[in-house]
Amino acid sequence: MKEINHQRTRIAITDIDGVLRGKYINADKLKKATENGFGFCNVVFGWDIKDVCYENSKVSGWHTGYPDAIAKVDLNTKREIPWDENTPFFLADFSEAQSEIQAVCPRTLLKKIRQQCLDLGYQPFFSNEYEWFNFRETPQSLSDKNYTQPQPLTPDMFGYSLLRMSLNQAYINDLFEQLTQFQVPIEGLHTETGDGVYEAAIVYSDILEAADRAILFKTSVKEIAYRHQIMASFMAKWNANLPGCSGHIHQSLWDVEKKKNLFYNTDNQYNISQLMQHYIAGQLHCLPHILPMLAPTINSYKRLVVGSWASVSASWGIENRTTALRVIPYEENSMRLETRVPGADANPYLAMAASLASGLYGIRHQLLLEIEPTHGNEYENSKNQALPKNLWTATQAMKSSPIAQELFGETFTDHFLRTREWEWQQYEQQVSDWELKRYFELI
């Protein structure tokens, strides 16, 4: 490893919810960590997004005593943070840990699925595009307001508006320029439909790099926003009256030389190769059985409703934004599949692992693409299988299907399902504002 000319370095791993958990370490500690790994408390996979310890986990819990697990720094992820005096940054994972922690680490799971793809002779190229809302708030101001009535950065619907973006030009410029300097290159950035909402597309890359970029994009946007007294939210649906936030995944498989897009074939209809047909068929077949990998929160399902620019069925179409899968078929270099199910709240490692694994399932099993492409409005089509409507139903569908274990392994699947059941249990215990408004006086 080249010498690091900084006294401090940031290192981070990703938990099951797609939240970066990390620390600053000094130069001596970094050198030891790159050689021998470093200890990271296994509670990182033993608590939920609010740091409440799971009571139903086998992998991490009070019964384990919460020992350190040995994380390994990935030197290929080295970056320098331009908004933090070019402090070096590294991602780490548990790919070399000799324990169950290795099996439940999201980045390690993606590396496993990626290797399966490479073993079949395919190079997976992926990218994420994200929508997120921005608010004229700080964590303290929003807490003081009990997370109610956050003030949007700009008012009213105004998609693709250069005018609205000019109101916060310094923030926009920092996003574009500093993310690129941080090796999270942005292909495009624009306003979307909604108060203070933006969308950004991240440049295509190998699937592992794509997921690294995606997880770093979300955290980086939040950090840059803080510097402008702005809060960025990647919640799937923060307001029932506004569109949700997507985390669409673009993907294609290439030959080992990375020169030929194997999804493209001019001999077939819409230029869709036989390999791509198997891949699409695999995703459609697996989707209802692994939905929590793409829609992991209670709030995810508030976005997956009719008329919301999000899918509600296992469906596909050519350039159709009402379906779960959208084929973008124009020329060889850009021929790809867009999986439109994930929201911005999805863990990118898990969402990409699920997308690739289910596509490879279709290739291995030579599944035929028997579902007809949707022409027009998929919301009006009753023929295709409806997706589960809430996290509990989706989790139980995943639990009762053998597909998840085949794709992701028994240990990961068991742990992930327990975390989603825990999430639902925390939700069920709460009394909502809706209940107070509806029943407090009148019942």
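Residues numbered from 1 in each chain as written. Predicted model: local features only at pLDDT ≥ 70, side-chain atom pairs only at ≥ 80, totals over all residues. Heavy atoms only, no water.

## Overview of the environment of Arg 326
Note the cut-off: A run of H or I in DSSP counts as a helix once it spans at least four residues, and a run of E counts as a strand once it spans at least two, with each numbered from the N terminus. Three labels apply to residues, based on accessible area from a 1.4 Å probe with only protein chains included: buried if under 20% of the type maximum, exposed if over 50%, partly exposed otherwise in between. Whether two residues touch is decided by their heavy atoms; if any such pair falls within 4.5 Å, the residues are in contact. A 3.5 Å cut-off defines polar contacts: any pair of N or O atoms within that distance qualifies, except that in protein one atom must be a possible hydrogen donor and the other a possible acceptor, and neighbouring residues in sequence count only when both atoms are side-chain atoms.
Summarising the element assignment, Arg 326 is placed in strand E13 (residues 325-328). The class for Arg 326 is buried, based on a relative accessible area of 7%. Sequence-wise, Arg 326 and Glu 338 are twelve residues apart; in three dimensions their C-alpha atoms are separated by 5.0 Å. If we ignore the near neighbours within four places in the chain, the residues touching Arg 326 are Gly 317, Glu 319, Asn 320, Arg 321, Arg 336, Leu 337, Glu 338 and Arg 340. Of note is the side chain of Arg 326, whose polar atom sits 2.7 Å from the side chain of Glu 319.

## Here's the deal with the sheet that holds strand E1 (residues 8-14)
Operational definition: Here, any two strands with at least 2 DSSP bridges between them count as paired. All axes here are fitted lines through C-alpha atoms, helices being fitted over the stretch that makes contact, and every angle between N-to-C directions spans 0 to 180 degrees.
With mixed pairing, the five strands of this open sheet are ordered in space as E2-E1-E5-E4-E3. At either margin of the open sheet sits one strand with a lone partner, and together these are strand E2 (20-26) and strand E3 (38-41). Pairwise comparison of adjacent strand axes, ignoring direction, gives a mean angle of 40° for this sheet. Bridge analysis of E1 against E2 gives seven bridges, and the strand direction is antiparallel.

## Quick look at the pairing of strand E4 (residues 68-81)
Pairing of E3 with E4, which is carried by four bridges, proceeds in the antiparallel orientation. Looking across to E4, one finds that Phe 38 is bridged to Ala 71. Joining the antiparallel neighbours E4 and strand E5 (residues 87-93) is a turn of five residues, in which Glu 85 adopts a positive phi near 55°.

## What to know about a nonpolar patch on the surface
Note the following rule: Patch construction takes residues with relative accessible area above 30% that form no salt bridge. Like charges are linked within 9 Å, and nonpolar side chains (Val, Leu, Ile, Met, Phe, Trp, Tyr) are linked within 5 Å. Here, Shrake-Rupley sampling with a 1.4 Å probe gives the accessible areas, and only protein chains in the shown set may cover a residue. Any Lys or Arg side-chain nitrogen located within 4 Å of an Asp or Glu carboxyl oxygen qualifies as a salt bridge.
On the surface, a nonpolar cluster with roughly 360 Å² of combined accessible area is contributed by Val 431, Leu 436 and Phe 440. Looking at the secondary structure, you find Leu 436 in helix H14 (residues 433-439).

## Observations regarding helix H8 (residues 274-286)
This is how it is decided: The length a helix should cover is 1.5 Å for every residue beyond the first.
For H8, spanning 13 residues, the distance from its first C-alpha to its last is 18 Å, which sits close to the expected 18 Å at 1.5 Å a residue. Burial analysis of H8 places ten of its 13 residues in the buried class, which makes it a mostly covered element. Turning to H8, its buried residues are Leu 275, Met 276, His 278, Tyr 279, Ile 280, Ala 281, Gly 282, Gln 283, Leu 284 and Cys 286.

## Quick look at the pairing of E1
For E1, the tally of buried residues reaches six of seven residues, placing the bulk of the element in the interior. Two elements, E1 and E5, share three bridges in a ladder whose sense is parallel. Among the inter-strand pairings, Arg 10 is bridged to a residue of E5, identified as Phe 89.

## What about the packing of helix H3 (residues 106-119) against helix H10 (residues 348-364)?
What counts, and what does not: When an angle is under 35 degrees it counts as roughly parallel; over 145 it counts as roughly antiparallel; between 65 and 115 it counts as roughly perpendicular; any other value is oblique. Should the near helix be turned anticlockwise from the far one by less than a right angle, the crossing is termed left-handed; should it be turned clockwise, right-handed. Residues are grouped as follows: Ala, Val, Leu, Ile, Met, Phe, Trp, Tyr, Cys and Pro are nonpolar; Asp, Glu, Lys and Arg are charged; every other residue, Gly included, is polar.
At their nearest, the axes of H3 and H10 sit 9 Å apart, and the two run at 25° to each other. Classed by the angle they form, the pair H3 and H10 counts as roughly parallel. Handedness of the crossing formed by H3 with H10: left-handed. Along its contact with H3, which presents Pro 106, Arg 107, Leu 109, Leu 110, Ile 113, Arg 114, Gln 116 and Cys 117, the element H10 presents Tyr 349, Leu 350, Met 352, Ala 353, Leu 356, Ala 357, Leu 360 and Arg 364. Each residue belonging to the contact of H3 with H10 can be placed in one class, and the counts come to twelve nonpolar, one polar and three charged.

## Side note on the layout of surface pockets
Note the cut-off: The rule is simple: put a 1 Å grid over the protein atoms alone, call a set of points where a 1.4 Å probe fits but cannot get out a cavity, call an open set with protein on both sides within 12 Å along at least five of seven lines a pocket, and count a residue as lining if it has an atom within 4 Å of a point. Grid points are joined across faces, edges and corners, and a volume is the space filled by probe spheres set on the points.
Considered as a void within the structure, the second largest pocket measures approximately 700 Å³ in volume. Every residue lining the second largest pocket is counted, 33 residues in all, and those nearest its centre are Glu 129, Glu 192, Glu 199, His 248 and Arg 321. Looking at the lining of the second largest pocket, the elements that each hand over two or more residues are strand E6 (123-135), strand E7 (186-191), strand E8 (197-202), strand E11 (249-254) and strand E14 (336-339). Ranked by residues supplied to the lining of the second largest pocket, first place goes to E6 with five residues. When its residues are assigned to classes, the lining of the second largest pocket shows ten nonpolar, twelve polar and eleven charged.

## Describing the environment of Val 305
Along the polypeptide, Val 305 turns up in the loop between helix H9 (300-303) and strand E12 (316-318). Between the C-alpha atom of Val 305 and that of Tyr 379, which follows or precedes it by 74 residues, the distance is 9.1 Å. The contact partners of Val 305, leaving out residues within four places of it in the chain, are Ala 310, Val 312 and Tyr 379.

## Overview of unusual backbone geometry
With phi around 75°, Asp 156 is a residue other than glycine that occupies positive phi space. In this fold, Asp 156 is placed in the loop between helix H4 (139-144) and helix H5 (162-166). Classification of Asp 156 by relative accessible area gives partly exposed; the value is 48%. A positive phi angle is found at Gln 229, which is not glycine, with a value near 55°. Take Gln 229: it is sitting in the loop between helix H7 (207-226) and strand E10 (231-233). Residue class for Gln 229 comes out partly exposed when judged on its relative accessible area of 48%.

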